[in-house]
Amino acid sequence: MKKVIVPDPPRDIPSLHYHPLLHRIYANRGISSPNELTYDLGHLLPFTDIKNINAAVALLTQALNENWQTIVVGDFDTDGATSTALTMEALKSFGLRNISYIIPNRFTYGYGLTKEITEVIIAENKPQLIITVDNGISSVEAVALANQHGIPVLITDHHLPGNKLPQAAIIVNPNQIGDNFLSKSLAGVGVAFYLMLALRAHLRSINWFDTQKIPEPSMAQFLDLVAIGTIADAVALDRNNRILVANGIGRIRMGKCRLGILSILTHAKRDHKKLTTHDIGFIITPRINAAGRLDSMSLGVETLLTNDPSKAKKLAQQLNALNDERRTIEKDMQNQALRELENLELTQHLPAGYCIFEESWHQGVLGILAARLKDKLKRPVITFTIANELEIKGSARSIEGIHMLNILTTMANNHPQLISNFGGHAMAAGLSLPRDNYKLFAQIFAQEVERCLATTELTDIFHSDGELTMAELNLSMAELLHSAGPWGNGFLEPLFHGSFMIAKHNLLGQKHLKLVLHTLDSKQNVDGIYFNVDATNWLSSQYSKIDILYKLGINEYGGHRKLQLVIQEIINGEP
């Protein structure tokens, strides 16, 4: 079942002094004042509201004064890579010389600061300070081990805390209890940026840069990393995050960004001067993530750190090759999963929460597969593969209205031996469990999701900004909307719906559907594109009229720019 929801017309909202369509779009997203669309850095929320920020600054100041041997422990996704690169570069620019980083290999050590990777760090690095970025809030055993060796741990994280916090020297996480920071949607890189912003302010107040005879760094130079990590982690783009992202994108468009970022875009044939959040999400992020999924995220971090143009180019090429490999692996896994689903649907209805396990699947692509299946099945999905002889690993993705982390927490509380460990967000989580527990876990998970469905439904729900007139279907409107962002999770790119007649259509590479459309009341043609369409299903349908959800896109080819409707979903079709 497919359902389109259009918000009621806004009432009693003062004029935003924008184009009427843009006014409507902003109002649909809860904007009631032009001030909410002002993205000057001076409007950022103050770092002083973040719990423990002063204590963290004091600890880092001591580390700088005494030049402590410091190691940064990151995560193996893009948020983790950008957080690591930012923290490394900022502390070096503040004068810390003895600093290094480690990204735990996901296949050997798992996620974040674990007890096993802490043992390696202590033996090989002999640190005087451990800093976690984009992880650490669940590292109870690892922090206890570091404490036994007299090594303070500074945790910077944004993930939701569990029932038990690690006994770290300091925890900086806007989502911990008692934190008064108004934005709870900072990505890991956003938390790292705020900590470094606070540290620089303190160092300035004590004349650190003058006495050390080093130039005071501009914090704006790190905003390209903040923008990429924030979009990559799909956190909500509240106003504070929009300020960070808008300024980061602005720097990339001006070429004031990491050489590695420019090299990734160049290799993908994207113009950095026209960068959008879509380019970050679908060009930059998959390539950096591919390093952590198939190899080592150190490759991604080094791409963000290098100042050597030839090295940046080489690393971007390596990331691109890994991303191509990731696509092949993902496609094979998805085809295998879909075949199993087809067989299952012949004998029974799918459970409300679906688990699927295959020993041969690649751990690094489990999350992408879970997301693809979740989109297809319109229900929470957990994909599992083998971790070792005794355990399996899973990656979970959820739908609107079903809080994945709460479900796993409830299951762990009610069945203490069922899950070995887990963590994550409302929409995504990772977990591991004894292999022998899989069948019971899948059964209980389905039951728990079924229980939660009392407040939601397994329906294709699409939120549309309404229909457009032919006068609004033009290149100028597409350009206006593209410049009106930044768009992303929680501040979604405008989506419209409407009925169109099909004048022409053809398949591009048996993969993408190219159409020429016109509205029911006009013969004016407009181009459309539907990416990754089910070619077999489309060819058998042969629609002449379709009801679609679409975004206004711009097709650039041969130096020409033309309006193109980017179809997101065919709601209904008629012969």
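Parameters at a glance
- Residues numbered from 1 in each chain as written.
- Predicted model: local features only at pLDDT ≥ 70, side-chain atom pairs only at ≥ 80, totals over all residues.
- Heavy atoms only, no water.
- Helix = DSSP H or I, 4+ residues; strand = E, 2+ residues; numbered from the N terminus.
- Buried < 20%, exposed > 50% of the residue type's maximum accessible area, 1.4 Å probe, protein only.
- Lys, Arg positive; Asp, Glu negative; His and termini not counted.
- Salt bridge = Lys/Arg side-chain N within 4 Å of Asp/Glu carboxyl O.
- Polar contact = N/O pair within 3.5 Å; in protein donor to acceptor, adjacent residues only side chain to side chain.
- Contact = heavy atoms within 4.5 Å.
- Phe/Tyr/Trp six-rings, centres within 6.5 Å; stacked < 30°, edge-to-face > 60°.
- Lys NZ or Arg CZ within 6 Å of the ring centre and 35° of its normal.
- Expected span 1.5 Å × (residues − 1).

Colleague: Give a description of the side chain of Arg242 that names residues and reports values.
Modeller: Looking at the secondary structure, you find Arg242 in helix 9 (residues 239-253). Although Arg242 is buried, it makes no salt bridge; Glu36 carries the closest opposite charge, 5.4 Å away. Within the structure, the side chain of Arg242 is placed 3.1 Å from the backbone oxygen of Glu36, a separation counted as a polar contact. In this structure Arg242 touches Ile31, Glu36, Tyr39, Leu237, Pro486 and Phe491, once residues within four positions along its chain are discounted.

Colleague: Kindly report on the side chain of Thr519, identifying the contributing residues and their values.
Modeller: With respect to the secondary-structure elements, Thr519 resides in strand 14 (residues 512-519). For Thr519, a relative accessible area of 9% corresponds to the buried category. Setting aside residues up to four positions removed in sequence, Thr519 forms contacts with Met470, Leu473, Ser499, Phe500 and Gln524.

Colleague: Explain the packing of aromatic side chains to me, using residue names and the numbers behind them.
Modeller: Considering all chains together, one arrives at 12 aromatic pairs under this definition. Arranged with centres 6.0 Å apart and planes meeting at 65°, the rings of Phe94 and Phe209 form a pair that is edge-to-face. Here Phe209 lies in helix 7 (residues 208-211) and Phe94 lies in the loop between helix 3 (78-93) and strand 3 (99-102), a separation of 115 residues in the sequence. Like Phe209, Phe94 is buried. An angle of 80° between the planes, with centres 5.6 Å apart, marks the rings of Phe384 and Phe441 as edge-to-face. Of this pair, Phe384 sits in strand 8 (residues 381-386) while Phe441 sits in helix 16 (residues 438-452); the two residues are 57 residues apart in sequence, bridging distant segments of the chain. When its relative accessible area of 0% is taken as the criterion, Phe384 is described as buried. Of the aromatic side chains, those joined through ring pairs into one cluster are Phe357, Phe384, Tyr438, Phe441 and Phe445. Its end group placed over the ring of Phe491, Arg242 keeps NZ or CZ at 4.0 Å from the ring centre.

Colleague: Residue-level account of helix 14 (residues 366-377), with values.
Modeller: The terminal C-alpha atoms of helix 14 lie 16 Å apart, and with 12 residues this matches the ideal 16 Å at 1.5 Å per residue to within 8%. In terms of residue burial, helix 14 counts as a mostly covered element, since nine of its 12 residues are buried. Residues Leu366, Gly367, Ile368, Leu369, Ala370, Ala371, Leu373, Lys374 and Leu377 constitute the buried set of helix 14.

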